[in-house]
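Listed below are the residues making up each chain.
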Amino acid sequence: MMSHDSVSTQGQSIGARVERFVRDTIIPFERDPRWTSHGPSLDLVAETRALARNAGVMTPHMPAGQHLSHRDTALVLRAAGLSPLGPVAVNVAAPDEGNMFLLSKVASPEQQARFLQPLLEGRVRSTFMMTEPAAENGAGSDPSMLMTVAEPDGDQWIINGRKCFSTGLDGASVAIVMAKTGVGATMFLVDLPHPAMCIERVPHTLDSSMPGGHPTSRIENLRLDREAVLGEVGKGFKYAQVRLSPARLTHCMRWLGACTRAQEIASEYAVKRQAFGRMLIDHEGVGYMLADNRIELKQSELLIDWCAGVLDAGSLATMESSIAKVAVSEALFRIADRCVQTMGGTGVTRDTIVEQVFREVRAFRIYDGPTEVHKWSLAKHIKRETLARLAT
Ligand SMILES: Cc1cc2nc3c(=O)[nH]c(=O)nc-3n(C[C@H](O)[C@H](O)[C@H](O)COP(=O)(O)OP(=O)(O)OC[C@H]3O[C@@H](n4cnc5c(N)ncnc54)[C@H](O)[C@@H]3O)c2cc1C
């Protein structure tokens, strides 16, 4: 069992149920051939979700539609992440989890009934479309470079542009599309599939846990009624911030669960495997790798819990989530790398999920803000703080 203190008994009990479900029911699906390089197939998602529903662990972080505290969410999502297939099965995976959070905060009651409710029930999937192709110098690390444009036309909007890395777009039922509207940006809710939105390609990527992959698409004369606007016109960047801090942290939670499992697998290898007359773990080089992992897993857990506490106190936690995202994603990458190394050749095979966890956490150092972008914005904060202190 994973450790947990200062969380509610409800959070502990849900976390324990999710952990049992993932260990007993989901881990056996890890070798299922329907898990492709673009993520688990639609029928694999449907089958594992049916099992989650039966076990009473569907969308476990939002029981009866009410979001658990971020501290409790950490417990539940770490448990779900013990298998890279777990978050999708219990419906706490990206981007749906972040989209459900955003819709619960910003969408109108009508939009919630139409778009949020089916997501909560785990019946559909969604996508979040902000990033644009680098070759066209669209929005990437710098969202203000947005090139997709929404223009008013009477009571309607017409959207044109190209998007990429829209996780889950293939097979999703709803998209949140970010587009430029005058000086600001606006989020739009779009029913999918839509004839004005066409997937151009689904690139092969390092990671493979997210259904629907990360497609590149073209949006051509997409005509939407004004009811499609999520929240208010011009507040897209503000809402992106509302979504991003918790979404960054939930990635940390899920991948912490995955690295915890990778450490379990590597530790078992190190006590079963012998070399030079003793167990691998008794060789200092191997023992130290596993000890370093234990230390960094604990540090990651504490950083996540600290940032979750800041969010629970009502802050946007912009700076805190940057600190947590950088520290945790970089630590998890080192942890996964040491697990691979501990297991020698077996570590690079697909015989265990250690190889996949290593690939997944490599990508995590880029999405939801590359490490360098977070450090750059922290440096700007330090500069402001220091200049203000010197001025007093
Ligand atoms: C697996 C995956 C899933 C994704 N899912 C989604 C999704 O669902 N929806 C979506 O909209 N987007 C998604 N993205 C896109 C992701 O958010 C972007 O890749 C990310 O914002 C970086 O943008 P970019 O790829 O254009 O890199 P670029 O903007 O080209 O940046 C390249 C590198 O430049 C450096 N850099 C940039 N700015 C600075 C700076 N200020 N200081 C120092 N260094 C800097 C960083 O090292 C960065 O990695 C996903 C990406 C991946 C890999």
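Owing to the predicted nature of the structure, the values given are computational and were not obtained by experimental measurement.

Student: Got a minute to help me understand the overall build of the protein in this structure?
Tutor: When helices and strands are counted, the protein shows 12 helices and 12 strands. Its C-alpha atoms give the protein a radius of gyration of 21 Å, within 12% of the compact-globule value 21 Å for 392 residues. In the protein, which comprises 392 residues, the proportion classed as buried is 55%. Considering only intrachain contacts with a sequence separation of at least 6, the fraction spanning at least 24 residues in the protein is 74%.

Student: When you look at the pattern of salt bridges in this model, what are you seeing that I'm missing?
Tutor: Should the charged atoms of two oppositely charged side chains come close, the side chains can pair. Following the criterion strictly, the structure yields 25 salt bridges and no others. A salt bridge links Lys163 to Glu132; the shortest N-O distance between them is 3.1 Å. Note that Lys163 is positioned in strand β5 (residues 156–163) and Glu132 in the loop between β3 (126–129) and β4 (149–153), a separation of 31 residues in sequence. Of the two residues examined, Lys163 and Glu132, each falls in the buried class. Between Glu200 and Arg162 there is a salt bridge, with its nearest N and O atoms 2.5 Å apart.

Student: Whenever I open this one, helix α7 (residues 236–272) confuses me. Can you help?
Tutor: One turn of an α-helix holds 3.6 residues; hence residues three or four places apart share an orientation. When the terminal C-alpha atoms of α7 are compared, their 53 Å separation across 37 residues agrees well with the 54 Å that a helix rising 1.5 Å per residue should span. At Leu244, α7 shows its maximal bend, which comes to roughly 30°, and the proline Pro246 appears one to four places after that position.

Student: For this particular structure, what's the right way to read the site of the ligand?
Tutor: Surrounding the ligand, one finds 15 residues, the nearest of these being Thr131, Ser141, Phe165, Thr167 and Glu372. The contact in question runs from a nitrogen atom of the ligand to an N or O atom on the side chain of Thr131, over 2.6 Å. Thr167 has a polar side-chain atom sitting 2.7 Å from a nitrogen atom of the ligand. For the ligand, whose unbound accessible area comes to 970 Å², protein coverage reaches 67%. When residues of the shell around the ligand are assigned to their parent elements, the largest contribution, 3 residues, is made by helix α12 (residues 371–391).

Student: Teacher, can you tell me more about the packing of helix α3 (residues 70–80) against helix α8 (residues 284–312) here?
Tutor: For any two helices packed against each other, one specifies the inter-axial angle together with the distance between the axes. It is at 8 Å that the axes of α3 and α8 come closest, and there the two elements cross at 140°. Taken together, α3 and α8 sit at an angle that is classed as oblique. Across the interface between the two elements, His70, Arg71, Ala74 and Arg78 of α3 pack against Glu301, Ile304, Asp305, Ala308, Gly309, Leu311 and Asp312 of α8. Tallied by class, the residues present in the contact of α3 with α8 amount to 4 nonpolar, 2 polar and 5 charged.

Student: What is the right way to read the environment of Arg125 from this model?
Tutor: Structurally, the position occupied by Arg125 is in the loop between α6 (109–120) and β3. What makes Arg125 buried here is its relative accessible area of 7%. Taking the C-alpha atoms as reference points, Arg125 and Lys383, 258 residues apart in sequence, are found 41 Å from one another. Aside from chain neighbours lying at most four places away, what touches Arg125 is Leu42, Arg49, Asp96, Leu119, Gly168, Asp170, Gly171, Ala172, Ser173, Val174, Pro211 and Gly212.

Student: Could you clarify how one ought to interpret the pairing of strand β7 (residues 184–191) in this entry?
Tutor: Here is the key point about a regular strand: its side chains alternate between the two faces of the sheet. Of all 8 residues in β7, 7 are buried, a share of seventy percent or more. Note that strand β6 (residues 174–181) and β7 share 8 bridges and pair antiparallel. Paired with Val177 across the two strands is Phe188, which belongs to β7. Where β7 meets strand β10 (residues 229–230), 2 bridges bridge the pair, whose relative direction is antiparallel.

Student: Looking at this structure, I do not really get the side chain of Thr73. What am I missing?
Tutor: On the secondary structure map, Thr73 appears in helix α3. Residue classification places Thr73 among the buried positions, given a relative accessible area of 1%. A polar contact of 2.7 Å, which involves the side chain of Thr73, links it to the backbone oxygen of Ser69. When residues no more than four places from it in sequence are discounted, the contact partners of Thr73 are His61, His67, Leu68, Thr250 and Met253.

Student: Hey, could you run me through helix α11 (residues 354–364) in this one?
Tutor: Across the 11 residues of α11, 9 count as buried, placing the element largely inside the fold. Elements that come into contact with the buried residues of α11 comprise β1 (35–36), α7, α9 (318–342) and α10 (344–347).

Student: Could you clarify how one ought to interpret the side chain of Asp207 in this entry?
Tutor: Counting through the fold element by element, Asp207 comes out in the loop between β8 (197–201) and β9 (216–225). In this structure, Asp207 is buried with no salt-bridge partner, the nearest side chain bearing the opposite charge being Arg359 at 6.8 Å. Side-chain polar atoms of Asp207 contact the side chain of Thr205, separated by 2.8 Å. In terms of polar contacts, Asp207 uses its side chain to reach the side chain of His214, at 2.7 Å. Filtering out sequence-adjacent residues up to four positions away, Asp207 remains in contact with Ser37, His214, Arg359, Glu360 and Ala363.

Student: Looking at this model, I keep getting lost on unusual backbone geometry. Mind explaining?
Tutor: Most of the time, phi is negative for any residue but glycine, and the peptide bond is trans. In this structure, the amide linkage connecting Ala94 to the following residue, Pro95, adopts the cis form with an omega of 0°. With respect to the element layout, Pro95 can be found in the loop between α4 (86–89) and α5 (96–106). Leu192 connects to Pro193 through a cis peptide bond whose omega is -5°. Along the chain, the position of Pro193 falls in the loop between β7 and β8. Despite not being glycine, Asn91 shows a phi value in the positive range, around 65°. Positionally, Asn91 belongs in the loop between α4 and α5.

Student: So what exactly am I meant to see when it comes to the state of the cysteines here?
Tutor: Covalent bonding between the sulfur atoms of two cysteines defines a disulfide. Counted by the stated rule, this structure contains 0 disulfides. No disulfide involves Cys164; its sulfur sits 14 Å from that of Cys198, the nearest cysteine. Cys339 forms no disulfide, and the closest cysteine sulfur to it belongs to Cys259, at a distance of 6.8 Å. Here Cys339 falls in the buried class, since its relative accessible area comes to 0%.

The rules behind these values
Residues numbered from 1 in each chain as written. Predicted model: local features only at pLDDT ≥ 70, side-chain atom pairs only at ≥ 80, totals over all residues. Heavy atoms only, no water. Helix = DSSP H or I, 4+ residues; strand = E, 2+ residues; numbered from the N terminus. Rg over C-alpha atoms; globule rule 2.2 N^0.38 Å. Buried < 20%, exposed > 50% of the residue type's maximum accessible area, 1.4 Å probe, protein only. Contact = heavy atoms within 4.5 Å. Salt bridge = Lys/Arg side-chain N within 4 Å of Asp/Glu carboxyl O. Expected span 1.5 Å × (residues − 1). Bend = angle between axes of the 7 residues up to and from the residue. Near = heavy atom within 4 Å. Polar contact = N/O pair within 3.5 Å; in protein donor to acceptor, adjacent residues only side chain to side chain. Areas by Shrake-Rupley, 256 points an atom, 1.4 Å probe, with all protein chains shown as cover. Axes fitted to C-alpha atoms, helices over the stretch in contact; angles between N-to-C directions. Parallel < 35°, antiparallel > 145°, perpendicular 65-115°, else oblique. Nonpolar A, V, L, I, M, F, W, Y, C, P; charged D, E, K, R; others polar. Pairing = 2+ DSSP bridges. Lys, Arg positive; Asp, Glu negative; His and termini not counted. Disulfide = S-S within 2.5 Å.

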